[in-house]
Amino acid sequence: MCGIVGYIGGREAVPILIEGLKNLEYRGYDSAGIAVADSDKVFMVKRSGKLKNLEAAINESGISGSLGIGHTRWATHGAPTEANAHPHFGKTREFFVVHNGIIENHQQLKESLKREKCRFNSETDTEVIVHLLEKFYTGDLKQAVCRTVKKLKGSFALGVISSRHPDLLLAARRDSPLIIGLGKGENYIASDVPAILSQTRSVIYLENDEIAVLGRDNAEVFTVNGDCCNRRPVTVKMDPDSASKGGYSHFMIKEINEQPEVMRRILSARIKNNRVRFEELKLNEKRLKNIDNIQIVACGTAYHAGLCGKYVLEKLLKIPVNVDTSSEFRYREQIIKKNKTLVITVSQSGETADTLAALRASQQKGALILSVVNVVGSSIARESDGVVYIYAGPEIAVASTKAYTAQLMTIYLLALYLGEVFGTVSERIRREMLRMLARTPLKMKEVLANNGRIKRVARDYVKRYNIRLAEQFKFLEDEVAQFKDSRKALEFAEQWARRSHLTYGRRFGDFPFLYLGRNVNFPSALEGALKLKEITYISAEGYAAGEMKHGPIALIDEFPLVICINPRSSLYDKMLSNIQEIKARRGTVLSIATKGDREIRKKAYSDYIIEIPPVNEFVSPLIVALPLQLLAYYIAAGIGCDIDQPRNLAKSVTVE
Ligand code: M6R
């Protein structure tokens, strides 16, 4: 969470910082700021709200300079106000800091700094850093940063500039990502590669407790004790266009549409002569053969991919597979058998704090760690014993779509690979599975080409929603009438409508969504519900359909929309029974069904049907994901939500 960017060189820093922040906005977008040094003066502009507010303020201010730091915030300590926005500064206004992470001992530090007469300008945990810098500064900025960092507990990525040193940009990190970008006569810092991709591809991944000291022509890395580290740059392979909307109205819909191509990329990279190969996986088969149980840890969408992985891995490997959310797993008694437990972490960003902590806890207990990751060179990738990349390309929308199906596909392939190592998958099964998986891109294309039906269902839902909203307005007529000025009355009504949209799920829970699925499609139900919640703020729950009778059925009347994931499968009839139970209670059902399924077409079974092409049940989650993503997207678009940047969320959750 929070994005950091910094520049030192011969060019104007402001546009570079703004572009960098735009590319990092997915990490947080509740306030932003920059500080720019021009000879021995530092100018700062901060604004609450989206980056466009900051941009407008900068344009007005006309600030300039060739050294600067910028920040886009996702609030942890302190509301998203201008005072809490970064950069932060101390009493002398000579030192400026941007920070991503959480300083866990900030309260103690603040108390002791206050006793030394420091006055605080914000409610953030970050501000202690800049006061410590001032306190420790005796003419050497690097030394002050080293001494400050030693006092901090928790996680941080820092960018530091000072009017005393207009030729220096400093950075430091612990448990929050930070990279150094190297240019000719200029250098950069950033939380993530896309921020500086249009400037350079040569980067150094800063390690924990390292300090970087950047000048225009030099970049040096030190330990916190001041010892020099010899760090080699790597060349990043990433297409800058892949981080743009490319004509789509949102990143989310662009990324949904990219899925057939992503699948093709994974399949062609991984399948060689009807065998699965993971060239970058540096785990020898002897170590893998020792494994007798698997533990998957992940968060959010990645957790749902892991949950589906349990079904797949257990079926193909015949060993127990547990799945846990990282935030629970890390604080539990982890049952790890040294060299016998394979821990698979799944993460798009490779930076999720809880997953990283779960990885480290498992590693300490002697587990073998294999990670399924999208972002190359991310912390999780680097700290694992083995890594397989999912080749999804940059995923910008906060709601994960293509990374989810890429995680699923990679886990299917991983299961086949491990099945070959363990000798539990016959050649016939392997070939058959690979044939089924190879059809995924075409089947996905078919779903995307026939999205008209999904749009209509979404439109219908939004219409019902708006009617309901209009009905609520009737209660307001008297209140509106009391405004003599009709413009004021309209303003009031509009404000009310907006609030009602945003809090709709909570205040008027008449149209919640219930997603039901069984077996491999139980995780699909969880994922469908998560997608809808994230981008529409409508209350939605995912359940194993067999659990309905144990509680959720009490919710059923004509108002909730119950989405039943029921492509042809061995449990098809069981799902039909669940649907009938819902219909018997006047429930409204939307079925995700196989094209040509006549039975489900019977009115008694479904009010709406979205068809998917025929697909083997075992690999159906790969296809089922798409209509669920599209449904959430079209409803969010119909309601007018901020799809790519939903409230309160950030793409990369680097704090626990
Ligand atoms: O980067 P990660 O895959 O580790 O992120 C995990 C979750 O934060 C993420 O999947 C989140 O739930 C998404 N916003 C879901 O769309």
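For the structure itself, look to the data block above.
Computed from a prediction, not measured in an experiment: that's the story for all the values here.

A. Focus on the overall build of the protein. When you go through the protein residue by residue, the secondary structure sums to 22 helices and 27 strands. Expected size for 656 residues packed as a compact globule is a radius of gyration near 26 Å; at 26 Å, the protein falls within 12% of this value. Overall size of the protein, expressed as C-alpha extent along the three principal axes, is 80 × 80 × 45 Å. Looking at the protein as a whole, 59% of its 656 residues are labelled buried. The centroid of the 93 positive side-chain charges in the protein is displaced by 4 Å from the centroid of its 75 negative side-chain charges.

B. Fine view of empty space enclosed by the protein. If you walk through the whole model with that rule in mind, you get 4 cavities of 30 Å³ or more. Of the volumes computed, that of the largest cavity is approximately 130 Å³. Lining the largest cavity are 18 residues, with Pro-177, Ser-191, Asp-192, Tyr-205 and Glu-351 sitting closest to its centre. Among the residues making up the lining of the largest cavity, the classes are represented as 8 nonpolar, 5 polar and 5 charged. Each of two domains, domain 1 (3–242) and domain 2 (251–438), supplies a minimum of three residues to the lining of the largest cavity.

C. Inspection of the layout of surface pockets at higher detail. Reported here for the largest pocket is a volume of approximately 820 Å³. Lys-237, Met-238, Asn-374, Val-375 and Val-376 are, among the 33 residues lining the largest pocket, the residues nearest its centre. Residues belonging to the lining of the largest pocket are distributed by class as follows: 15 nonpolar, 8 polar and 10 charged. Shared between two domains, the lining of the largest pocket takes at least three residues from each, and those domains are domain 1 (3–242) and domain 2 (251–438). Here the second largest pocket defines a volume of roughly 690 Å³. Lining of the second largest pocket is provided by 32 residues; of these, Cys-299, Gly-300, Thr-301, Glu-534 and Val-653 occupy positions nearest its centre. Elements supplying a minimum of two residues to the lining of the second largest pocket: helix H9 (300–317), strand E20 (341–347), helix H11 (353–364) and helix H19 (522–536). Among the residues making up the lining of the second largest pocket, the classes are represented as 12 nonpolar, 13 polar and 7 charged. Viewed by domain, the lining of the second largest pocket spans two of them, domain 2 (251–438) and domain 3 (452–639), each represented by three or more residues.

D. A look at a positive patch on the surface. On the surface, Arg-453, Lys-455, Arg-456 and Arg-459 cluster together into a patch of positive charge. For Arg-453, the position within the fold is in helix H16 (residues 452–474).

E. Seen up close, helix H2 (residues 51–61). Those residues of H2 that fall on the buried side of the exposure criterion are Leu-51, Leu-54, Ala-57 and Ile-58. Take H2 and look down its axis: the buried residues cluster within an arc of 125°, on one side only. Turned more than 90 degrees from where H2 packs its buried face, Lys-52, Asn-59 and Glu-60 sit exposed. Residues of H2 that are buried make contact with helix H1 (13–24), strand E2 (31–38) and strand E3 (41–48). The positive-phi residue at the C-terminal boundary of H2 is Gly-62, with phi of around 65°.

F. How the structure looks around the site of the ligand. Taken together, 15 residues lie around the ligand, and Ser-347, Gln-348, Ser-349, Thr-352 and Glu-534 are the ones closest in. A distance of 3.1 Å separates an oxygen atom of the ligand from a polar backbone atom of Thr-301. Between a nitrogen atom of the ligand and a side-chain N or O atom of Glu-534, the distance comes to 2.5 Å. Here the ligand loses 91% of its free accessible area of 410 Å² to cover by the protein chains.

G. Region of the structure containing the sheet that holds strand E25 (residues 561–566). Across the sheet, 5 strands lie side by side as E24-E23-E25-E26-E27; this open sheet has parallel pairing. Two strands in the sheet have a free side with no partner beyond their single neighbour: strand E24 (540–544) and strand E27 (608–612). Each strand axis lies, on average, 20° off the axis of its neighbour in the sheet, ignoring direction. Its contacts with the sheet put H19 on strand E23 (513–517), E24 and E25, and the angle it makes with E24 is roughly 180°. The strands touched by helix H22 (residues 621–639) within the sheet are E23, E25, strand E26 (588–594) and E27, with E27 carrying the most contacts at an inclination of about 135°.

H. Examining unusual backbone geometry more closely. Residue His-86 is joined to Pro-87 through a cis peptide bond whose omega torsion reads 0°. With respect to the helices, strands and loops of the structure, Pro-87 is situated in the loop between strand E4 (67–73) and strand E5 (88–89). For Tyr-537, which is not glycine, the phi dihedral falls at a positive 65°. Along the chain, Tyr-537 falls in the loop between H19 and E24. Phi is positive for Arg-586, close to 65°, though the residue is something other than glycine.

I. Molecular detail of the pattern of salt bridges. Counted under the stated rule, the structure contains 34 salt bridges. Among the salt bridges present, the one from Glu-55 reaches Lys-22, with a minimum N-O distance of 3.1 Å. Of this pair, Glu-55 sits in helix H2 while Lys-22 sits in helix H1; the two residues are 33 residues apart in sequence, bridging distant segments of the chain. Between Arg-231 and Glu-210 there is a salt bridge; the shortest N-O distance is 2.6 Å. With Arg-231 in the loop between strand E14 (228–229) and strand E15 (234–235) and Glu-210 in strand E12 (residues 210–214), this pair connects stretches of sequence that are 21 residues apart. Look at Arg-231 and you get partly exposed, because its relative accessible area is 23%. Here Glu-210 falls in the buried class, since its relative accessible area comes to 9%.

J. Spatial organisation of the side chain of His-71. Among the structural elements, His-71 can be located in strand E4. Polar side-chain contacts of His-71 include one of 2.7 Å to the backbone oxygen of His-99. Setting aside residues no more than four positions away along its own chain, His-71 makes contact with Cys-2, Gly-3, Ile-4, Leu-21, Ser-31, Ala-32, Gly-33, His-86, Val-98 and His-99.

Analysis parameters
Residues numbered from 1 in each chain as written. Predicted model: local features only at pLDDT ≥ 70, side-chain atom pairs only at ≥ 80, totals over all residues. Heavy atoms only, no water. Helix = DSSP H or I, 4+ residues; strand = E, 2+ residues; numbered from the N terminus. Rg over C-alpha atoms; globule rule 2.2 N^0.38 Å. Buried < 20%, exposed > 50% of the residue type's maximum accessible area, 1.4 Å probe, protein only. Lys, Arg positive; Asp, Glu negative; His and termini not counted. Charge placed at Lys NZ, Arg CZ, Asp CG, Glu CD. 1 Å grid on protein atoms, 1.4 Å probe; cavity = no way out; pocket = protein on both sides within 12 Å on 5 of 7 lines; lining within 4 Å. Points joined across faces, edges and corners; volume = space filled by probe spheres on them. Nonpolar A, V, L, I, M, F, W, Y, C, P; charged D, E, K, R; others polar. Domains from an automatic or database assignment. Patch = residues over 30% accessible without salt bridge, like charges linked within 9 Å, V, L, I, M, F, W, Y side chains within 5 Å. Areas by Shrake-Rupley, 256 points an atom, 1.4 Å probe, with all protein chains shown as cover. Salt bridge = Lys/Arg side-chain N within 4 Å of Asp/Glu carboxyl O. Arc of directions from axis to C-beta. Contact = heavy atoms within 4.5 Å. Near = heavy atom within 4 Å. Polar contact = N/O pair within 3.5 Å; in protein donor to acceptor, adjacent residues only side chain to side chain. Pairing = 2+ DSSP bridges. Axes fitted to C-alpha atoms, helices over the stretch in contact; angles between N-to-C directions.

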